[in-house]
Each structure stands twice: as structure tokens, then as C-alpha cells.
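Single-letter residue listing:
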Amino acid sequence: MLSWPIVTTATPDNKPVSIVIVGASGDLTRKKLLPALFSLYCNDLLPERFHVVGFARSTMNDGEFRRQVADTLTCRYEPEPSQCDIKVGQFLKRCHYHSGQYNNADDFRALGRRLEHLCGPRANQLMYMAIPPGVFLDTANSIRRAGLADEHDGNWSRVVIEKPFGRDTESSAELTRALGEIFTEGQTYRIDHYLGKEVIQNLLVLRFGNRIFEQIWNRDHIESVEIAFSEKIGVEGRAGYFDRFGIIRDVMQNHLLQTLALVAMEQPIELSPGEIAEEKSRVLRATRPMTREETVTGQYAGYRDDPEVPDDSITETYARTTLWVNTPRWYGVPFRVSAGKALDTQKTEILIRFRSLPFPLLGDVEANTLRIRVQPNEAIELVLNNKVPGLSLTTAPVGLNMLYNQQFDTALPEAYERLLADVLRGDRSLFIQQKELGAAWRIVTPLLEEIESERIQPQEYAYGGSGPR
Ligand code: BG6
């Protein structure tokens, strides 16, 4: 039976919780994490007693941190204007700052004392690692040495890790192994924020909650699948990080392969995290690794002018590839996957193209398509052929278009809201499990190694254009 977990309460036990954001001075904290926590607060989805503690290297006091938070705090729930200030004020009082070095266990011990002072000795604890990959392990070790990874007296301690989880199969496995010595797999929440997006979550419902699709969701009826991600902006402000990774590691290995897995996987026997991960990892394991022949990489003009990018950088800001899922359901169906920055459109979309009719009774009618728009303007559009009203038999493809903003009278939650709420409730369904991670790296690693060892140059494309030819 399909039953999607409904978020209506904070943590099941409503025990006090301390939420620590390690790397609190970064963009992610200000732009995504704190607004998401604020929305949860406005919706009574945080336990009565909670505190948010930002931890980072810069020296700052609580007042300065709160001012920074206040400057960027936005909320999709707009309470009455008079209520808004009150809510913001109440939330800010729960925000604190603790400065320390990531590799210093004493600094984390001091943080532990502070948490105990704020939330009491019996609080649950969520540690969000919003830090660069290079300081991951040092930080995790300091947390362990300070005793903050331990769970006792029925309290939980959970750690949320942001991608990138390594740079390739080997480094990812090593990171998993090393982190596994500090946190159990059950304590570890690897976040891929695409899995928190409404439309991505809807893939399960669309596929397995509608009788009409399952019979035709296969190679007999589907000609191709396209998964396209494009952004108008370049890497402004993030070039230092991006240049070490590139778009294949930054977006394809995680967001787009997760999307592909949800489109292509078999129905899980139940909606438990283990069963969903099992099906996703099976389909990823059946996917042939990317090849040079079927991949185009590009770099937008001007990328190397960024002071943080070396003059001879070959990092790709665009990639397009064809993937083949070698299962009886999909054998021979191309999955065209693309991701790019500094392009002419801003969108993430899945396009399922069905095969043409076997017999041309009506002449040359177009094949049906199902367009699943992840963002912006979330929508599901099924294009069917119709008779154009009139005396002649003329046909035209017409879209049955379900626009989320017209259909549902509610603002869509931000991905991070859903995911943070899930961590608090201990639901790991939307988090990446160890086995899927390895399966996804297996698809991209050989080509990445080839690109690096042979210094394969990406094609240059115009900023704001349609990408390389
Ligand atoms: C992040 C990538 O994971 O996802 C960014 O690191 C990318 O490079 C971002 O811009 C896209 O997320 P969204 O939610 O804006 O589609």
C-alpha cells in the first residue's frame, strides 16, 4: 500500500532539540537553512524547546549573528505583517553563535557545554555540516572526540551531510568508511535537496499511484527520456568550489541521477527508506557508465576570467550525455541527460517521449509526450492529439497541463523545509543511502578520470547562449 508520511507534528517525542549548523557563515545557511527553519517554526514543526546554534571560524557574538540572520530571513508563509515581526523576533532569540576551529575538539567540547546550557542535558541533537568537503573529516573527528556524536539516554544525535560526497568512486567510498567510524549509517543523513522538491517527490505518486502509466512505462512505448537542468547564472561567487568539481560532479552525479533513478526504477515493495534506496540503486547499477563518445562537455566564455579559476582550467560548466539503462524495462531507450550553467533558460525538466503510433490511420500525428517541469512554474503536462473543431478532420497536439500554482491553493514548501523536518522526525526516505551513492559514482567516474588524465578540453560556448553544439 502506498502511504506517504505526513508531516503534521514536530519530532514525535517533542523533546528539546539543539540544531547546530557547522559552517554557519556560508551562503547555504543564510539563503536556505535558516529560512527553512524559520518556516518550520512558523508552522509549529519545531519542538517547543529548540535552539539553533551557528558554528564557524569567524568571530562573532550572538547579536551580530542575529543581525546577519535577520537581514536575509525570508519566509514563504507571510503571516500578518504585525505577526511577522513578532515571529522573527521570537525566532531570532533562539539563534546563537559559537565560534571555533573545525579541527579543534576542545572548541566542540565548549560547544557541547553551551548546548547543554541552552537545551538541557537531555536534548536531541542535529548537526548540519554546511562546510567545504575538505574540512568534513576533521570536523567529524572533532565532533566524535568531543562526545557529540554519542546517543544516550534515549536521545538521538543525527548528522546531515551536504554533497559533494567525495570526488569519485574511491574518495567517496573512503569518506563513507571514515565517517562510518564516527556516525552509524542510521545517524547519517546525506542530503540531496532535489529529493525534497515537490515535483521530484511526485514522481513516485505519478508513476505508482496512477493505473494508466505502469503498462506503458517501458521500452515498448517510450522512445526516449530527457532530463535537462539549465541555469542562467554562471558560477559567480562559487568558482573556488566549482572549479574543483565541475557540473558532472556538482549536478549530474547527484540531482540528475537521482531523478533518473526515480523515473526508471521498479516499484519498491513498500515506501521504507531501505526499499526505495534498494530500487534506486538497482537501476543505477544497471546504468552503463558515461562514455566519451556520447558526452559533450562545454565551458562558458569568460569562466576563466574569474580570479578563483586557473587560466588553464578544463572544468566543465556544461555536460550532455546519453545514458543507457540495461534492464528489460529500458533496454535500448536513450536517457538524454544535460546540465549547464550560464545558459539562455532557467529550468529543470523531465520529458518522456512516447513512441509514434504503429499505424498512420490519421496521417502524420505527433507522438505523445509527458513533460514534468520540476522548476520554475512546476507542472505536469500530457500532450495528446485532438481533433481541431471544424468540418475537416484535422488533428493538433494539445497539452493537458496541470500547473501547481493553479491547482493547489498552497505555496510549495522549499526542499530544505521538507528535508529538515524529515531529519527531525527520523525519516530517511528522502536521503541518499550508502549503496546508491556508490552506484551513482560508478556511472560518472571513468569518464571524469579520462577527462582529467587526457586533459580533454570542453567546448567554449557563449554566456547566455544555448550551450555547445
Ligand atoms: C546545487 C549545486 O546542488 O544545486 C548548484 O551545487 C546548483 O551548482 C544548485 O546551482 C541548483 O539547485 P536549485 O534548487 O536551484 O535547482
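As the structure is a prediction and not an experimental result, all values here were calculated from the model.

**Student:** Describe the sheet that holds strand 10 (residues 334-340), with residues and values.
**Tutor:** As a general point, the strands of a sheet are linked pairwise by backbone hydrogen bonds and lie either parallel or antiparallel. With respect to topology, 9 strands assemble into an open sheet ordered 14-13-12-11-7-10-9-8-15, the strand pairing being mixed. Two strands close off the open sheet at either side, each with one partner strand: strand 14 (395-403) and strand 15 (459-461). Each neighbouring strand pair of the sheet contributes to a mean axis angle of 20°, computed without reference to strand direction. Alignment of strand 7 (residues 222-230) against strand 11 (residues 347-354), held across 8 bridges, turns out to be antiparallel. If you follow Val225 over to strand 11, its bridge partner there is Ile352. Contacts from helix 9 (residues 239-264) reach strand 7, strand 8 (295-300), strand 9 (318-324), strand 10 and strand 11, with the element oriented near 145° to strand 10.

**Student:** Please provide a residue-by-residue account of the packing of helix 4 (residues 105-119) against helix 5 (residues 136-145), values included.
**Tutor:** Axis separation between helix 4 and helix 5 bottoms out at 8 Å; the angle between their running directions is 55°. By the angle between their directions, the pair helix 4 and helix 5 is classed as oblique. Every pair of crossing elements has a handedness; the one defined by helix 4 and helix 5 is right-handed. In this structure, helix 4 contributes Ala105, Phe108 and Arg109 to the contact, and helix 5 contributes Thr139, Ser142, Ile143 and Arg145. For the contact of helix 4 with helix 5, the per-class residue count stands at 3 nonpolar, 2 polar and 2 charged.

**Student:** Could you give an account of the environment of Gly234, with specific residues and numbers?
**Tutor:** The topology assignment puts Gly234 in the loop between strand 7 and helix 9. Exposure remark for Gly234: the relative accessible area of 3% places this residue in the buried category. For Gly234 and Tyr97, which are 137 residues apart along the polypeptide, the C-alpha to C-alpha distance reads 32 Å.

Calculation notes
- As a convention, each chain's residues are numbered from 1 in the sequence order in which they are written.
- A pLDDT threshold of at least 70 governs which residues receive local features in this predicted model, and a stricter bar of 80 or more applies before side-chain atom pairs are shown or counted, although totals over entire chains, interfaces and linings include all residues.
- In computing side-chain properties, one takes all heavy atoms of the structure into account and sets aside hydrogens as well as water.
- For two strands to pair, DSSP has to find at least two bridges joining them.
- Helix and strand assignments come from DSSP, with helices taken as H or I runs of at least 4 residues and strands as E runs of at least 2, each series counted from the N terminus.
- Throughout, an axis means a line fitted to C-alpha atoms (over the contacting stretch in the case of helices), and angles, computed between N-to-C directions, take values from 0 to 180 degrees.
- Here, residues are in contact when the closest pair of their heavy atoms is within 4.5 Å.
- When describing relative orientation, an angle under 35 degrees is termed roughly parallel and one over 145 degrees roughly antiparallel, while 65 to 115 degrees is termed roughly perpendicular and anything else oblique.
- The sense of a crossing depends on the near helix, which, turned anticlockwise from the far helix by less than a right angle, makes the crossing left-handed and, turned clockwise, makes it right-handed.
- Think of it as three bins: nonpolar holds Ala, Val, Leu, Ile, Met, Phe, Trp, Tyr, Cys and Pro, charged holds Asp, Glu, Lys and Arg, and polar takes everything else, Gly as well.
- Summary of the burial criterion: residues with accessible area below 20% of their type's maximum are buried, those above 50% are exposed, and those between are partly exposed, where the area comes from a 1.4 Å probe applied to protein chains only.

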